[in-house]
Amino acid sequence: MTLDQLPIGKNARITAVGGQGALRRHLLDMGLTPHTTVCIRKTAPMGYPIELFLRGYQLTIRLDDAKNIEVEPLEVNS
């Protein structure tokens, strides 16, 4: 599953960061690295861009960039 497919409010762990060259480096520099837990907080009215919460801060990225990030959903224990 890619990050753009994750439902709002669900947590996931990043498994891989795709893209090439500067795009991949930019995503990694923003903290989107493998084994990081991420949550989609909200989306813009048309679904573009999306607001993420990771590493204690909020990050907004383009939907096209989110398609380059592989994630696995996490189950929340109550």
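A brief report on the enclosed structure follows. (Residues numbered from 1 in each chain as written. Predicted model: local features only at pLDDT ≥ 70, side-chain atom pairs only at ≥ 80, totals over all residues. Heavy atoms only, no water.)

1. Notes on the overall build of the protein chain
Then step 1. Along the backbone of the protein chain there are 2 helices and 5 strands.
Then step 2. What you see for the protein chain is a C-alpha radius of gyration of 12 Å, in line with the 12 Å of a compact globule of 78 residues.
Then step 3. Along the longest, intermediate and shortest principal axes, the C-alpha atoms of the protein chain span 40 × 30 × 25 Å.
Then step 4. Looking at the protein chain residue by residue over its 78 residues, the buried ones come to 33%.
Then step 5. Considering only contacts within the protein chain whose residues lie at least 6 apart along the sequence, 55% involve residues at least 24 apart.
Then step 6. A total accessible area of about 4,900 Å² is found for the protein chain, and carbon and sulfur atoms account for 50% of it.
Then step 7. Positive and negative side-chain charges of the protein chain, numbering 9 and 8 respectively, have mean locations separated by a distance of 4 Å. (Helix = DSSP H or I, 4+ residues; strand = E, 2+ residues; numbered from the N terminus. Rg over C-alpha atoms; globule rule 2.2 N^0.38 Å. Buried < 20%, exposed > 50% of the residue type's maximum accessible area, 1.4 Å probe, protein only. Contact = heavy atoms within 4.5 Å. Areas by Shrake-Rupley, 256 points an atom, 1.4 Å probe, with all protein chains shown as cover. Lys, Arg positive; Asp, Glu negative; His and termini not counted. Charge placed at Lys NZ, Arg CZ, Asp CG, Glu CD.)

2. Looking at the pattern of salt bridges
Then step 1. Counted by the stated rule, this structure contains 4 salt bridges.
Then step 2. Measuring nitrogen to oxygen at the nearest pair gives 3.2 Å for the salt bridge that ties Asp29 to Arg25. Taken together, the residues Asp29 and Arg25, both in helix H1 (residues 21–29) and 4 residues apart, mark about one turn of the helix.
Then step 3. Take Asp29: its relative accessible area is 56%, and that puts it in the exposed class.
Then step 4. The salt bridge partner of Asp64 is Lys67, with a shortest N-O separation of 4.0 Å.
Then step 5. We classify Lys67 as partly exposed; its relative accessible area is 45%. (Salt bridge = Lys/Arg side-chain N within 4 Å of Asp/Glu carboxyl O.)

These figures capture arrangement, not role.
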